[in-house]
Amino acid sequence: MSRWSERLAQRLKQLPPYLFAEIDRLKAQVAARGIDVIDLGVGDPDLPTPPHIIRRLQKAAEDPANHQYPSYSGMDDFKVSVARWYRRRFGVELDPANEVVSLIGSKEGIAHMPLAFIDPGDVVLVPDPGYPVYQAGTVFAGGVPYTFPLTKDRGFLPDLSALDEGICHKAKMLFLNYPNNPTSATADLDFFREVVDWARNHDVIVCHDAAYTELAFDGYRPHSILEVPEAREVAIEFHSLSKTYNMTGWRIGFAVGNTDLVAGLGKVKTNIDSGIFQAVQYAGMEALDGDQDCVKQNNRVYQQRRDLLVEGLRKAGLRVTPPKATFYVWCQVPEGYTSASFAKHLLSEMGLVTTPGNGFGRFGEGFVRMALTVGKERIQEAVDRIQRIGF
Ligand SMILES: *Cc1c(COP(=O)(O)O)cnc(C)c1O
């Protein structure tokens, strides 16, 4: 034990324990036994960034004008590209100067958002199960996370009317994420209308994490919360180029929406970071303005993988709903198992890494998440093992 490890700040000690540590340990053990491990655990695209985006980075990296500090809130041209993309994709008009801020990946913006608006003791509503960053960002700002459940019977959409009135009164911020990680649930425009009405009535900031709006199947087109006109009064939406263009390593995203919310987040960032490498912003413009065929192609690949995995799991007797969006399959664990024991069984008996649902919150119990981020042959092999070995 080193000298400082016990003296970590309370804000770090307060975070929930790292529930995947056990899986990581087991994974190393299984691999050491010489077993061929198939990793369905990570939500990181295995496909490469499209070549036209890489070429743009190469060219921009050679230009000395891009070697200095970039502007804090993002290059004007990048923000114009974002606004153009929003108009094309969602029919929403944005003012690039005041309603867009660039981010070093959307995770960065999500984590910093509470620092801009949450005072110690303020309540932030976070989904359970959910992306852990909503809770961590809240705790770092001294806020109090209050979780609300996402359950199968409601299609993993929250029942805001069921929230305790006292809590609603105290709440200052709400995090939502559709298409959803980890459940892969989607939300229609009526749901977003309800959310916006609720938030206006209760004076709550809505942070919508829209990382997966471009990753959808069967012709389904996910919505932006800003398609609801009144959303501009209460909402900020976080977007990422990571999943859409296979750019997780590049670290570029953006947030759009209410002017004051965008400005608040921008002010935090001005004091912490110094923006995104301009060459990466040029590559981002190329991604947003360029041919979107690469996105369609991605989705075709994921859709084939989805069909293979869902059909295979069902044949093995597991209960799954085919996702309409995201690259996650949220699979119910069979009788007699918990999330952790089923994930452990899949790993130690079959060499399959999945993510136990309870790692995303206690309402994730009873599920495991499988990511469609390995090739078809590997998915076929995973399915074969499940059907052969069983549970
Ligand atoms: C992947 C992901 C993000 C995006 O992260 P970046 O920082 O933009 O790479 C945001 N939210 C959720 C729920 C995600 O799964």
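For the structure, check the block above.
Anyway, here's the lowdown on the structure attached to this text. Quantities reported herein were computed from a predicted structural model and do not represent experimental measurements. Positions within a chain are numbered from 1, following the residues in the order the chain's sequence is written. Only residues with pLDDT of 70 or above have their local features reported here, since the model is predicted, and side-chain atom pairs are shown and tallied only from 80 upward, although totals for entire chains, interfaces and linings are computed over all residues. To get the side-chain values, all heavy atoms of the structure are used, and hydrogens and water are removed first.

## Brief notes about the overall build of the chain
- Strands are runs of DSSP state E lasting at least two residues, helices are runs of H or I lasting at least four, and both sets are numbered from the N terminus onward. Counting its secondary structure elements, the chain contains 14 helices and 13 strands.
- Each radius of gyration reported is based on C-alpha atoms, and the globular scaling rule is 2.2 Å times the count of residues to the power 0.38. A globule of 391 residues ought to have a C-alpha radius of gyration of about 21 Å, and the chain, at 21 Å, matches this closely.
- On the principal axes, the C-alpha backbone points of the chain span a range of 55 × 55 × 55 Å.
- Relative to its 391 residues, the chain shows a buried fraction of 55%.
- For the chain, restricting intrachain contacts to residue pairs at least 6 apart in sequence, the fraction spanning at least 24 positions comes to 76%.
- Accessible surface area values rest on a Shrake-Rupley calculation with a 1.4 Å probe, where residue burial reflects the displayed protein chains alone. Taken as a whole, the chain presents about 17300 Å² of accessible surface, with 50% of it coming from carbon and sulfur.
- Across the chain, the 43 positively charged side chains and the 48 negatively charged ones have centroids separated by 5 Å. For every residue, the accessible area obtained with a 1.4 Å probe (protein chains only) is divided by the maximum for its type, and the residue is called buried under 20%, exposed over 50%, and partly exposed between those limits. Note on contacts: a residue pair is in contact if any heavy atoms of the two residues lie within 4.5 Å. All tallies of charge rest on Lys and Arg as positive and Asp and Glu as negative; His and the ends of each chain are not included. To locate a charge, take NZ of a lysine, CZ of an arginine, CG of an aspartate or CD of a glutamate.

## Quick look at the pairing of strand β7 (residues 235–240)
- With six of six residues buried, β7 lies mostly within the body of the structure.
- Burial of β7 is two-sided: the residues Ala235, Glu237 and His239 facing one way and the residues Ile236, Phe238 and Ser240 facing the other way are all buried.
- In terms of strand pairing, strand β6 (residues 205–209) meets β7 through four bridges, oriented parallel. Looking at the pairing, Cys207 lines up with Ile236 of β7.
- Of the pairings in the sheet, the one linking β7 to strand β8 (residues 253–257) comprises five bridges and is antiparallel in character. Directly across from Ser240, in β8, lies its bridge partner Gly253. In this analysis, strands are considered paired if DSSP registers two or more bridges between them.

## Section: the site of the ligand
- Nearness of a residue to a molecule or strand requires only that one of the residue's heavy atoms be within 4 Å of it. Near the ligand lie 14 residues; those nearest to it are Asp209, Ser240, Ser242, Lys243 and Arg251.
- Asn181 places a side-chain nitrogen or oxygen 2.9 Å from an oxygen atom of the ligand.
- Contacts described as polar in this section are N or O atom pairs within 3.5 Å, which, within protein, must combine one atom able to donate a hydrogen with one able to accept it, while residues neighboring in sequence count only if both atoms come from side chains. Separating an oxygen atom of the ligand from a side-chain N or O atom of Ser240 is a distance of 2.6 Å.
- Residue classes in the shell around the ligand are distributed as four nonpolar, six polar and four charged. Just so you know the grouping, Ala, Val, Leu, Ile, Met, Phe, Trp, Tyr, Cys and Pro go in nonpolar, Asp, Glu, Lys and Arg go in charged, and all remaining residues, Gly too, go in polar.

## Brief notes about the packing of aromatic side chains
- What counts as a ring pair is set by centres within 6.5 Å for rings of Phe, Tyr and Trp (its six-membered ring), and what kind of pair is set by the plane angle: stacked under 30 degrees, edge-to-face over 60, tilted for all other angles. Enumeration according to the criterion identifies 18 aromatic pairs in this entry.
- On the basis of an interplanar angle of 55° and a centroid distance of 5.8 Å, the ring pair of Phe191 and Phe192 is categorised as tilted. With respect to burial, Phe191 and Phe192 carry one shared label: buried.
- Both rings, one in Tyr302 and one in Phe327, keep their centres 5.4 Å apart while their planes meet at 55°; by these two values the pair is tilted. Placement of Tyr302 in helix α12 (residues 293–315) and of Phe327 in the loop between β9 (319–320) and β10 (328–332) is noted, with a sequence separation of 25 residues between them. Taken individually, Tyr302 and Phe327 each receive the classification buried, so the pair is uniform in this respect.
- Counting every residue linked through ring pairs, the aromatic cluster contains Phe78, Trp85, Tyr86, Phe90 and Phe254.
- A cation over an aromatic ring shows up here: Lys324 above the ring of Tyr220, its NZ or CZ 4.4 Å from the ring centre. Criterion for a charge above a ring: Lys NZ or Arg CZ within 6 Å of the ring centre, and within 35 degrees of the ring normal.

## Description of the environment of Gly336
- Tracing the sequence through the fold places Gly336 in the loop between β10 and α13 (339–350).
- In this structure, the C-alpha to C-alpha distance between Gly336 and Phe391, residues 55 residues apart in sequence, is 9.5 Å.

## Quick word on the sheet that holds strand β5 (residues 171–177)
- Strand order in the open sheet formed by seven strands is β2-β8-β7-β6-β5-β3-β4, with mixed pairing between adjacent strands. The open sheet has two edge strands with one neighbour each: β2 (100–103) and β4 (144–149). Direction aside, neighbouring strands of the sheet carry axes that sit 25° apart on average.
- Across three bridges, the pairing between strand β3 (residues 123–128) and β5 is parallel. Bridge pairing links Val123 to Ala171 in β5.
- In this fold helix α5 (residues 106–117) packs onto β2, β5, β6, β7 and β8, with an angle of close to 155° to the strand it touches most, β7. Fitting a line to C-alpha atoms yields each axis, with helices limited to the stretch in contact; the angle taken between N-to-C directions then spans 0 to 180 degrees.

## With respect to the side chain of Arg385
- Here Arg385 shows up in helix α14 (residues 376–389).
- Every residue in contact with Arg385, bar those within four places of it in the chain, is listed here: Asp36, Ile38, Met350, Gly351, Leu352 and Gly390.

## Looking at the environment of Gln303
- Within the secondary structure layout, Gln303 lies in helix α12.
- Among the residues examined, Gln303 registers a relative accessible area of 23% and is labelled partly exposed.
- Between the C-alpha atom of Gln303 and that of Leu372, which follows or precedes it by 69 residues, the distance is 9.0 Å.
- Excluding residues that lie within four positions of it along the chain, Gln303 makes contacts with Phe217 and Asp218.

## Digging into the packing of α5 against helix α10 (residues 259–270)
- Closest axis-to-axis distance for the α5/α10 pair is 8 Å, and the angle between their directions is 100°. By the angle class used here, α5 and α10 are roughly perpendicular. Residues Glu108, Gly109, His112, Met113, Leu115, Ala116 and Phe117 of α5 lie in contact with α10, whose contacting residues are Asp260, Leu261, Gly264, Leu265, Val268 and Lys269.
- For the contact of α5 with α10, the per-class residue count stands at seven nonpolar, three polar and three charged. Should an angle fall under 35 degrees it is called roughly parallel, over 145 degrees roughly antiparallel, and 65 to 115 degrees roughly perpendicular, with every other angle called oblique.

## Describing unusual backbone geometry
- Put simply, Asp128 and Pro129 share a cis peptide bond, and its omega is 5°.
- Mapping Pro129 onto the fold places it in the loop between β3 and α6 (133–140).
- In this model, Tyr178 is joined to Pro179 through a cis peptide bond whose omega is -10°.
- As for its placement among the helices and strands, Pro179 is situated in the loop between β5 and α8 (189–202).
- Backbone geometry at Asp203 places phi at a positive 60°, although glycine is not the residue there.
- The residue Asp203 is located in the loop between α8 and β6 in this model.

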